[in-house]
Amino acid sequence: MTIGEKIQTDIVVAMKAKDEHKLTTLRMVKSSLKNKEIDKREKLTDAEEQQILTTLIKQRRESVESFTKGGRTELAAKEQAEIGMIEGYLPQAAEEDVIRAVVRGAIHTMSEGGSRPTPKEMGTVMNVVKQRILADGLRADGKLVSEIVKAELAK
């Protein structure tokens, strides 16, 4: 069952339960998936669906930060609840240790051809790490990956 199908099933459940907040959140997610599918003009892959959900979570996190700075705790709490609902459809996020191991492996592999990558080559290392994380079927926050890559390249 794809993420889109799972969301559609949960929309029906939320309607029957009269859970308005969950219903509006799931409809928003479904709308985002459908819009991307229309733009692409073909079915979305699981990876693309996960990418859209990750983008939605990132937007919500930025909103939480803005609302918290502005003293709007009730809106921040609402956004935080939406993050929790959306994350339920994504695979478990990779732990920091797992990400660090992937980063070290990528740096080691890139070092085999000659010299070790420098902090100036962070973009290249990030691309390799992102590909490895996706290939392993993991999910990781880009900000955390960036911090770990920076720290490992600085060594």
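Just so we're clear, the structure is a prediction, and the values are computed from it rather than from any experiment.

Asks: How should unusual backbone geometry be read in this particular structure?
Replies: Excluding glycine, residues mostly have negative phi values, and the peptide bonds linking residues are mostly trans. The phi dihedral of Lys18 is positive, around 55°, even though this residue is not glycine. Its place among the elements puts Lys18 in the loop between helix H1 (3-17) and helix H2 (20-40). At Arg41, a position not held by glycine, the phi torsion is positive, near 65°. Assignment of secondary structure puts Arg41 in the loop between H2 and helix H3 (46-69). Using a relative accessible area of 76% as the deciding quantity, one classes Arg41 as exposed.

Asks: How do you make sense of helix H4 (residues 73-87) when you look at a structure like this?
Replies: Along an α-helix, residues three or four apart share an orientation, since each turn contains 3.6 residues. If you check H4, its first and last C-alpha atoms are 21 Å apart, about what 15 residues at 1.5 Å a residue would give, namely 21 Å. Every buried residue belonging to H4 is among Ala76, Glu79, Glu82, Ile83, Met85 and Ile86, and all of these are buried. In the core, the buried residues of H4 are packed alongside H2 and H3.

Asks: Looking at this model, I keep getting lost on the nonpolar core. Mind explaining?
Replies: General note: in soluble globular proteins, nonpolar side chains tend to be found buried as a group. Ranked by internal contacts, the top residues of the largest apolar core, which has 19 residues, are Ile7, Val29, Leu33, Leu53, Leu56, Ile86 and Tyr89. When contributions to this core are tallied by element, the ones reaching two or more residues are H1, H2, H3 and H4.

Asks: Would you take a moment to explain the pattern of salt bridges for this structure?
Replies: Pairing between side chains of opposite charge can happen when the charged atoms of each approach one another. All told, the structure shown has 13 salt bridges when counted by the stated rule. One salt bridge connects Arg104 with Glu152, and the closest N-O pair in it is separated by 3.3 Å. Remark: Glu152 occurs in helix H7 (residues 142-154) and Arg104 occurs in helix H5 (residues 96-111); sequence separation between them is 48 residues. One continuous salt-bridge network, built from bridges that share partners, spans Glu96, Arg100, Arg104, Glu152 and Lys155.

Asks: Quick question: what am I supposed to make of the packing of H2 against H3 here?
Replies: Helix-helix packing is described using two parameters, namely the angle between the two axes and the distance between the axes. Where H2 contacts H3, the two axes come as close as 10 Å, and the packing angle between them is 130°. With respect to H3, the element H2 is oriented oblique. Regarding H2 and H3, the two cross each other, and that crossing is right-handed. Counted together, Met28, Val29, Ser32, Leu33, Lys36 and Lys40 of H2 and Glu48, Glu49, Ile52, Leu53, Leu56 and Arg60 of H3 form the full contact between these two elements.

About the thresholds
- Just so you know, the residues in each chain are numbered from 1, in the order the chain's sequence is written.
- Side-chain atom pairs in this predicted model are given and counted only at pLDDT of 80 or more, local residue features only at pLDDT of at least 70, and totals for whole chains, interfaces and linings cover all residues.
- To obtain the side-chain values, all non-hydrogen atoms of the structure were included, while hydrogens and water were left out.
- Secondary structure follows DSSP: runs of H or I at least 4 residues long count as helices, runs of E at least 2 residues long count as strands, and numbering of each begins at the N terminus.
- Relative accessible area decides the class of each residue, using a 1.4 Å probe on protein chains only: under 20% of the type maximum gives buried, over 50% gives exposed, and in between gives partly exposed.
- A helix is expected to span 1.5 Å for every residue after the first.
- We call two residues in contact whenever any of their non-hydrogen atoms come within 4.5 Å of each other.
- In plain words, nonpolar cores are sets of buried Ala, Val, Leu, Ile, Met, Phe, Trp, Tyr and Cys residues tied together by side-chain atoms within 4.5 Å.
- Salt bridge, as used here, is a side-chain nitrogen of Lys or Arg placed within 4 Å of a carboxyl oxygen of Asp or Glu.
- Fitting a line to C-alpha atoms yields each axis, with helices limited to the stretch in contact; the angle taken between N-to-C directions then spans 0 to 180 degrees.
- Angles are sorted into four bins: roughly parallel if under 35 degrees, roughly antiparallel if over 145, roughly perpendicular if 65 to 115, and oblique for all others.
- Each crossing is labelled by how the near helix is turned from the far one, with a counterclockwise turn of less than a right angle marking it left-handed and a clockwise turn marking it right-handed.

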